[in-house]
Structure formats: C-alpha cells, structure tokens
Amino acid sequence: MNESDYVQRRRFLQATGIGAASILLNHKITRAENSPSAPVQKPGSNKPNVLVIMTDQHRADLMTCAGRDLVPTPNIDLIASRGVRFTNAYCPYPVCVASRMALLTGLYAHSTGAITNTDRLDWRYRTIANHFTDNGYLTGLIGKMHFLDAHNHGFEYYMSINDWLMYLGPKVQHYANEIANHPLGPHFFKTVDDGGAGLPDVDGLWPKGSPWVGNVEKWNFDSMASALEPENHLDMFLAREAVKFITRYRRQPFFLVTSFMKPHSPFYPPRQWAEKYPVDKMMLPKVGDISKYPPHIQRRIKNMAALGEKRQRAHRAGYLGNLAFVDTCIGHVYKTLEKEKLLDNTIVVYTSDHGEMDGDHGLFQKFCLFEPSVRVPLIVSYPKHLPQNKVTAALTEYIGLYPTLSELAGLEAPRRTTLLDIPGAPEQMDAASFAGVLRDPDAEGPSAAFSEYNLRSKICEYMIRTRRYKYIYNHGSIHELYDHEADPGEFVNRIDDPGLKKVQDQLRERLFAWYNPEKNPYRQA
C-alpha cells in the first residue's frame, strides 16, 4: 500500500467513524510469589491488570445473557452483569488464524498476509503483548492462539497446547480418537492431523504424515461423550494454569490471555455435559430457499446436506455440550479474581475469534459472512471505572481491543505496527478504539463494521455492515445484500432489487474505500 492510498484510507475510517466441577481445580496452588524475590507491584502503582478470556467458535447469541437459554452460561453472564455487552461486535475474518492475528496486531488480514489457517504471522509485527510488555506488564498467554510455530509474539509467559499434551501422556490416545472422529470432517479420520484443534499445535511436525493414522478408533456418533475425565480436558487444564498465574503474579500488573479451545472441535465434552445434549434429541433448523444465494454458498449447503442429518445432529450436540463445559472453566478463572481481591483493578474481556452457523441456512462451523459466523460475543468489565450490566448495540470490530485496552489501562497509544521494518507494512494500525462506547453504552458508535474472507481463493468475500444493511462483495461471484430491518435472519438476498440499487451503490463505494478488492495481491488468478 503506497502512502497516498494509506492516508486516504485512514481519513475514510476516521470519517465513518462453577458448581459441580469445582473439584476439578483441587490442584494445590503454591504461593511462591510471597517469597522475597517475587516481583511486587510498586506501592501507589495504578496500573490495572488485564484478563482476556477467549473461546473459539462461540456464536454470539448462544448466551443466557443474550436472551437464549439453550445453553445456560452463568459464568459468562456474571461477567456481563459487571460490564458492557456488545450485541453487534464483528470479527475481522471468520477463520482462527486470520481473526486472532488481527486481534493481536490491530491489523486486518489483508494488511499482514496472515489469512488462512496455514499462514504464520511475520514475527516482526508488533503485537498487543509487545505493547503491554514495553509498558511494564507481565504478559501471559495460556492456551490456543494458533501461531503454527514457536514464536511467542511478545508474550513473556506462554503455555501452549503442547504442554497439555505432555500432561496427558498416554491419554493422548483419547484425544487422537476425538480428532479423527469429527462429525462434519470425515477426512480427519484419514489424516488425524488438525492444527486448528491443536494436534499438532505446531505446523509441519509430521512431514511424512500423522503417526496416528491407522491407530485410531472409528465411531458412529450415537454419543458425543468424551472418554477423558473432566479434569483432563484441555480447557480445565488451561483454567487451572490461569488460576496459578493469577495467584502467583497477583502483586504485579499482568496482561493475561486465557484462550480456551471449546466450543470448537473436537465436539466431545465430558460425559456430564454431553448427556445434557443427546444426539438423537437435536433439532436442526429449516434450510429454506437457497436459490438466491451465490453459487459457492449453495454448493457448501448441498455438501453439508450430503453428510446426512445424523452427523449434523452430532455436531450440534457436541458443540452445545462443549459450550456448557467451557462456561464452567471460565468461571474458575474469573472467580479467582474475586478470591484474590483483584476484581476492582482488573479489566476483564470475554470474546471469541469467530462464531458458529449451528445449522442456520444448512451450514455449520464458520467460513462465511452470515451473522452467526462473523458476529462474536464481546463483553468488557472494569468495575468502578466502566458502567455495569449495560448492553450496547453500537457496531464494533473486536480488533479494536488493542487500542481500547491500551487506552483503558492509561498507556500511551501504540506508535508502530512493527518491531523492525517490513516492506509494505502499514505505518498505523487499522483498528480503532471503542473505549468511548464503553464509557457511554448509549453512544451511537461507528456507522459501519467490516470483515473479509477467502482472500487466497478465486472467490474473495468482503463485508460492510451498517445498522440496517449488510453488503457482501463476492469478487468472482454474485454479490449479496440483506436488509436487517426486514430480514434479520438473512434469508432473502436483495442484490437484484431495483428499489435498493442506490443503497447497493453507496455500500459498494464505502466498502471499496475501506479496501479495494481489485488490489488484493493474494487472490488466485
């Protein structure tokens, strides 16, 4: 991107302005931090701690605090009751790597090239972890971030999924079986290699193929109950380690990301949670008329239908059980702040990297720009400093967490997007702070939110979402236009409606001002 293009883009953006599972944490927490050599926050220091709790693939409306009780989420609800919950928060790209790297850098996927789940973020990009480390924080990452390599990208303290696999020892066999038996991914039985679920956590470890091929069981999806005990699941392991971190370093300012895997695959929750959502009791949403959707969307819906209803019900049952279980794990971490009397001086964020279609339009998982895929839960709590138990409908891009958390913590705004010069890298981050909306949840907020998908393919997808409309520019296919006032479920593509031609042209112009699809260097010829 040349300088004039970048200046034009920035001007545009500126203008548009715990219950039964508590025994699972009965591992002793040593208080080595009380030793004379332990780092202690200086008296009078007013730096707040930051705790970012992430899940993977959590659909934004599947929370009791969002009005749906299909899966009770009492611990997420507790955070929401003490903070501001966003109803219109969007991820920048509905795929793990692209969304997470954008969150860490404040840069869209098209700015960094971290696009697909096999792309690595260039280590020279400066992340939110670098920024908080530079400002005197102990930065920690416990869990999934999908780095694909051994770089920590600024985190001083890092426990990856590989640490859990070592903890499991021979019980990894159970996890390999779960990876192999993805209800909507029959190919995983042939590969037993799913970096998105952390087996392996680092890409390219098995150049000759997974050693698990031929060494896994094949299941029939009658039950989605895991053979692993609850305390041995990745998410409970991460919860225990996060509790240790908070307890050990409670006397100094910390920036901790606790990143859970669930409700993402494998869709095998512990038996207690799986039995709440039996496969044969799952109801699937009606698909409806798909003839007005672009051909690539229609093909995906038909491919999903070809897998059969049993596999779809199994996916849904496992997903819902996973969500119920991970809420329990979240509660263990959050309630540690109360126990350690850190709640009033800790900014707590709950969010997810992307959503889940959960059967809407006949689709599951993410990989599209429909609302259930691209909209994410987002809650920010900072008692005594921000409003509590408030809901905002302001359009928000969750990559704004980087500048927002910097602002709330009283840090100087990030000045650089890189640690070292990277040819073509943006000089300023794409993300904008939404701290103003947090302070005033009734504020109108930005007039639009953007997202993108499939940038390394022949059909690249770009979204602009305003308060009423969503326009999707499918480079290489039919475009989409949805009127959310009349059609919040996005069942009717109005792209050929002559009465909305002016609206379509205006949205297209705004989208191209944000990012011109014709300039996408990653698109397949």
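What counts and what doesn't
- Residues numbered from 1 in each chain as written.
- Predicted model: local features only at pLDDT ≥ 70, side-chain atom pairs only at ≥ 80, totals over all residues.
- Heavy atoms only, no water.
- Helix = DSSP H or I, 4+ residues; strand = E, 2+ residues; numbered from the N terminus.
- Rg over C-alpha atoms; globule rule 2.2 N^0.38 Å.
- Buried < 20%, exposed > 50% of the residue type's maximum accessible area, 1.4 Å probe, protein only.
- Areas by Shrake-Rupley, 256 points an atom, 1.4 Å probe, with all protein chains shown as cover.
- Lys, Arg positive; Asp, Glu negative; His and termini not counted.
- Charge placed at Lys NZ, Arg CZ, Asp CG, Glu CD.
- Pairing = 2+ DSSP bridges.
- Axes fitted to C-alpha atoms, helices over the stretch in contact; angles between N-to-C directions.
- Contact = heavy atoms within 4.5 Å.
- Core = buried A, V, L, I, M, F, W, Y, C linked by side-chain atoms within 4.5 Å.
- Phe/Tyr/Trp six-rings, centres within 6.5 Å; stacked < 30°, edge-to-face > 60°.
- Patch = residues over 30% accessible without salt bridge, like charges linked within 9 Å, V, L, I, M, F, W, Y side chains within 5 Å.
- Salt bridge = Lys/Arg side-chain N within 4 Å of Asp/Glu carboxyl O.
- Parallel < 35°, antiparallel > 145°, perpendicular 65-115°, else oblique.
- Nonpolar A, V, L, I, M, F, W, Y, C, P; charged D, E, K, R; others polar.
- Disulfide = S-S within 2.5 Å.

1. Description of the overall build of the protein chain
- On a plain count of helices and strands, the protein chain comes out with 16 helices and 13 strands.
- The C-alpha atoms of the protein chain give a radius of gyration of 22 Å, which matches the 24 Å a tight globule of 525 residues would have.
- With the principal axes as the frame, the protein chain shows a C-alpha extent of 70 × 55 × 45 Å.
- The proportion of buried residues among the 525 residues of the protein chain is 61%.
- Per element, the accessible surface of the protein chain, about 20,800 Å² overall, is 50% carbon and sulfur.
- Averaged over its 61 positive side-chain charges, the protein chain has a centre that lies 2 Å from the centre of its 58 negative ones.

2. What to know about the sheet that holds strand β12 (residues 469–475)
- Read across the sheet, four strands follow the order β10-β11-β12-β13 without closing on themselves; strand pairing throughout is antiparallel. Two strands lie at the open edges of the sheet, namely β10 (449–453) and β13 (480–483), each paired on one side alone. This sheet shows a mean twist of 15° between the axes of neighbouring strands, independent of strand direction.
- When β10 meets strand β11 (residues 460–465), the two strands line up antiparallel, connected through five bridges. Bridge pairing in β11 places A449 opposite R465.
- Across the sheet, helix α16 (residues 501–514) touches β10, β11, β12 and β13, and the angle it forms with β12 is around 65°.

3. Re the nonpolar core
- Counting residues in each nonpolar core, the largest one holds 92 residues, and the members touching the most others are F86, F132, F255, L378, V380, Y398 and L405.
- It is helix α3 (residues 96–105) that provides the largest number of residues to this core, a total of six residues.

4. Thoughts on the packing of aromatic side chains
- Enumeration according to the criterion identifies 22 aromatic pairs in this entry.
- Pairing Y157 with Y249 gives two aromatic rings, centres 6.1 Å apart and planes at 75°, and the pair type is edge-to-face. With Y157 in strand β4 (residues 157–159) and Y249 in the loop between α9 (234–248) and β5 (254–263), this residue pair connects regions lying 92 residues apart in the sequence.
- According to the relative accessible area criterion, Y157 is buried, its value standing at 18%.
- Here the aromatic rings of F450 and W514 are separated by 4.8 Å at their centres, their planes lie at 10°, and the arrangement is stacked. Taken together, the positions of F450 in strand β10 and W514 in helix α16 put the pair 64 residues apart, joining distant regions of the chain.

5. As for a nonpolar patch on the surface
- On the surface, a cluster of nonpolar side chains totalling about 280 Å² of accessible area is made up of W123, L419 and L420.
- Locating L419 in the fold gives a position in the loop between α14 (401–408) and α15 (435–439).
- Here L419 falls in the partly exposed class, since its relative accessible area comes to 35%.

6. Notes on α3
- Of all ten residues that make up α3, ten are buried, and the element is covered over most of its length.
- Considered for burial, the residues of α3 that qualify are C96, V97, A98, S99, R100, M101, A102, L103, L104 and T105.
- Summarising the contacts, the buried residues of α3 are in contact with β1 (49–56), α4 (109–112), α5 (128–134), β5 and α14.
- Once α3 finishes, G106 follows within two positions and takes phi at roughly 75°, a positive value.

7. Structural notes on the pairing of strand β2 (residues 83–90)
- With seven of eight residues buried, β2 lies mostly within the body of the structure.
- Pairing geometry for β2 and strand β7 (residues 375–381), over six bridges, is antiparallel. Residue R85 lies in a different strand from β7, and its bridge partner there is I379.
- Examined bridge by bridge, β2 and strand β8 (residues 390–392) share three bridges and lie parallel to one another. By the bridge assignment for β8, V84 is matched with K390.
- With two bridges joining them, β2 and strand β9 (residues 396–397) adopt parallel strand pairing. Bridge pairing in β9 links A89 to T396.

8. Notes on the packing of helix α2 (residues 74–81) against helix α12 (residues 309–339)
- In contact at an axis separation of 7 Å, α2 and α12 are set at 45° when each is read in the N-to-C sense. Between α2 and α12, the interaxial angle falls into the category oblique. Two secondary-structure elements touch here, α2 through P74, N75, I76, L78 and I79 and α12 through D327, T328, I330, G331, Y334 and K335.
- Per-class residue counts for the contact of α2 with α12 are six nonpolar, three polar and two charged.

9. Observations concerning α2
- If you check which residues of α2 are buried, you get N75, I76, D77, I79 and A80.
- Turning to α2, the residues buried within the fold contact β1, β2, α12, β6 (346–352) and β7.

10. Concerning the pattern of salt bridges
- In total, this model carries 32 salt bridges according to the counting rule given.
- In this structure, D235 engages K262 in a salt bridge whose closest nitrogen and oxygen atoms are separated by 3.3 Å. Highlighted residues: D235 in helix α9 and K262 in strand β5, separated in sequence by 27 residues. The same class applies to D235 and to K262, which are both buried.

11. Description of the state of the cysteines
- Considering all chains together, one arrives at zero disulfides under this definition.
- In this structure C91 is a free cysteine whose sulfur lies 10.0 Å from that of C96, the closest cysteine sulfur available.
- Judged by its relative accessible area of 0%, C91 falls in the buried class.
- With no disulfide partner, C329 has as its closest neighbouring cysteine sulfur the one in C65, 17 Å distant.
- On the basis of relative accessible area, C329 is assigned to the buried category, the value being 0%.

12. A word on unusual backbone geometry
- Omega for the bond connecting L199 with P200 falls within 30 degrees of zero, at -5°, which places this linkage in the cis form.
- Assignment of secondary structure puts P200 in the loop between α8 (188–191) and α9.
- The step from S265 to P266 runs through a cis peptide bond, and the omega angle for that step is 5°.
- One non-glycine residue with positive phi stands out, namely D358, at about 55°.

Shape is all these values report; function is a separate question.
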